[in-house]
Each structure stands twice: as C-alpha cells, then as structure tokens.
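What follows is the residue order along each chain.
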Amino acid sequence: MTRGPYETRLDPALWAYIDAVNGWYPPEILGLPIDKQRAVYDRMSRAFHQGRPAGVKASDGVIAAAGRDIPVRRYQLAGSAAKAMVIYYHGGGFILGGLESHDDICAELCAGTGFDVLSVDYRLAPEHLHPAAFDDAVAAFEWAATSTDLPLVLCGESAGGNLAAAVALSTRRHIRTAIGQVLIYPELGGDESTGSYIEHAEAPLLSVADIAFYRDVRSARRQSPDDPTFSPLRDTDFSGLPPTVIVTAECDPLSSDGETYRDRILASGGKAWWHEEPRLVHSFLRARATVPAAAEAFARIIGAVGALGRGDLPPRGGDVAEGDRGGRRA
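No experiment lies behind these values; they were computed from the predicted model shown. (Residues numbered from 1 in each chain as written. Predicted model: local features only at pLDDT ≥ 70, side-chain atom pairs only at ≥ 80, totals over all residues. Heavy atoms only, no water.)

Draft legend 1. Representation of the environment of Ser101. Its location among the elements puts Ser101 in the loop between β3 (85-89) and α4 (103-113). C-alpha of Ser101 to C-alpha of Met85: the two residues are 16 residues apart in sequence and 20 Å apart in space. With near-sequence residues (within four places) excluded, Ser101 lies in contact with Tyr41, Ser45 and Arg286. (Helix = DSSP H or I, 4+ residues; strand = E, 2+ residues; numbered from the N terminus. Contact = heavy atoms within 4.5 Å.)

The following block contains the structure:
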C-alpha cells in the first residue's frame, strides 16, 4: 500500500503492525469468496494471539434461541468473585471472526477488570443477513439478564460496537438494562460526507470502500439505512441509554461516529464520554503487545469497563472525560 500522508503521521512501531497485518492479505482480498477471507482472517488472528493471562479460565456453551443455538464463551477469573458481567461482541465487519479470533482480548478484559466476560459468536453474513447478528446479540443479552444477577456491561469493537449500541437502544426499557456500554471504534452508520469519513477515507487498515463492502454484504434486500438496529445513529431517540464510553482511533474513517453518538446521548440528557486515540488506526487492539500507544489505549478501555461495571462515574484513573477528544493532534 502507499503510505501517503500517514508515512510520518504514524509511529514506526505502528507501521510495523500495519505491515504485519497487510502481509497476511493478498491485494485482491475483498474479491475473494467469503470463506477464503475468513481463512486468512483466522490465520492472522492466531498469529497475533497473546495467550490468556494466568488465572483466567474459559468455558464454552450455547444459548438456546428460536431455531438456533448461539455459541458463547464465558471467561472468569479464578479466586475472584466477579462484580459484573461484560457481554462482548467481536469485530470483523459482520462477516469475519468468532470466539477464537478475540479470545485473548476477552481474557485480558476479564483479568483486567475481574469481571466475567461473555463472548458471543453471533451469526455472520452473507449466510445470515441483517437482522440475524442483531437478533443473536439481543438474545445473548436477554439470556444474561435472566441467568445472572451480576450488573451487565455491553462492550464491542468495530462491527461488535454496532451490535452493542443497537442492543443498548433496543433493551433500554427492559426490566433489566445494561448499567454501561463501552464501544471501541464502532461502526454506527454516521454521515459519510463529513468529518473523519472524508479526512481519513483512505486510512490504513480500514477505508470507506471497506466500510461500504461490509455494509453491502450484511444488507438484506431493501435494507433501510434508517433502521436503528442496522445503523444506531439513525435512531431519533437517544434517551434512556446507559452511561457510555466510546473510544475511537484518530486515523480511522469511523472516528466521527463516536463523537456524534456521544453528542446525541448528551443532548438527550444521558451520560457519555468519547476519546479519540491520537495517531492510532482501526483494529489497534491487536497492536497492544507491540505498540505502546495501543497498550495504553487498551488499558484505558479496561479502566472504563471497570468503572462502568462498578458504577464508578465519571471514569477515573486516566480514562476518558466528558467531551475529551484525546488532547493531542498530529
């Protein structure tokens, strides 16, 4: 790829990560059949896997839903009584990923917070078009709400951030609602004619063309872009949402979605914080082992999840502040 204006904007360590990711993908990746794309993604995920922290145990199970079973994996920290449960929705553009691809991230989230983490293996497109993934995401939340007395925190990254936000919107009137949500560089269906969609249209690891590809693969025939279960920012009512933390990457077309979502929640009287991580790119969670800025960002994310799960607001300990844009601009 041509590095363009990002050549000096991004640190060498981050470029090493970007090059490593790109090294797994042939140039024609988006033209390959989905099963081939998944095979590449799964091999890459295994290569970046950091292992599980000591003391974290994981158990697999299924959630019975109408006409299907939803695979899940529950992470628990040995010797510690969890004070909350995190429901985690993985990324992958709605067509990639599963329990294995984000196993180490969920395990580290469990170790860092002491909370139980429930990773949800929702159905993927194109075999299962919208609202299949959303339906599975809601079913997992409803199962957790009836199966544990622990406070529930929604969490997701990229496509999973979309699902977490959609679940928060659809379950805010339930008897049991989430006490918080943390969205990591989420795709929320924002205005693609402005902001980061324009400034970072050709950013490394995610471009606006990539976003359009994933959206089209996920879409059912006659899919309405105004469906808030498909594009949460298209809702007209953002009241009643749980306290929300959104963390985005500066060099990512999706960053403006986080800012807009925060502003909509604040305008509706809710609590929301947005932090744009300077000089990072989409998918920076996988860079946390080699890029100090990504490690620091992940630590802030863990801190935000912990704060929301404890009902400790606003988030403390160097996390994010209301209206925070990250402070430093390249």
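That covers the picture; the talk isn't over yet.
Draft legend 2. Structural view of the sheet that holds strand β5 (residues 152-157). Overall, mixed pairing links the 8 strands, which are arranged β1-β2-β4-β3-β5-β6-β7-β8 in an open sheet. The two strands at the open ends of the sheet, each matched to only one other strand, are β1 (56-65) and β8 (272-281). Strand-to-strand twist in this sheet, taken as the mean axis angle between neighbours without regard to direction, amounts to 20 degrees. (Pairing = 2+ DSSP bridges. Axes fitted to C-alpha atoms, helices over the stretch in contact; angles between N-to-C directions.)

Draft legend 3. Layout of the packing of aromatic side chains. What the rule picks out here adds up to 4 aromatic pairs. For the ring pair Phe213 and Tyr214, a centre distance of 5.5 Å and an interplane angle of 65 degrees mean the geometry is edge-to-face. Judged by centre distance (6.2 Å) and plane angle (80 degrees), the rings of Phe238 and Tyr261 are edge-to-face. Within this pair, whereas Phe238 is found in the loop between α8 (208-218) and β7 (244-251), its partner Tyr261 is found in helix α9 (residues 255-267), the two being separated by 23 residues in sequence. Judged by relative accessible area, which is 4%, Phe238 ranks as buried. Across the ring face of Phe298, the terminal group of Arg288 is positioned such that the distance to the ring centre comes to 5.5 Å. (Phe/Tyr/Trp six-rings, centres within 6.5 Å; stacked < 30°, edge-to-face > 60°. Buried < 20%, exposed > 50% of the residue type's maximum accessible area, 1.4 Å probe, protein only. Lys NZ or Arg CZ within 6 Å of the ring centre and 35° of its normal.)

Draft legend 4. Representation of the pattern of salt bridges in the model. Throughout the structure, instances matching the rule amount to 22 salt bridges. A salt bridge links Arg3 to Asp19; its shortest N-O distance comes to 2.7 Å. With Arg3 in the segment before α1 (6-9) and Asp19 in helix α2 (residues 12-24), this pair connects stretches of sequence that are 16 residues apart. On the basis of relative accessible area, Arg3 is assigned to the partly exposed category, the value being 25%. A network of salt bridges, in which partner residues are shared, links Arg52, Asp60, Arg73, Glu100 and Asp103. (Salt bridge = Lys/Arg side-chain N within 4 Å of Asp/Glu carboxyl O.)

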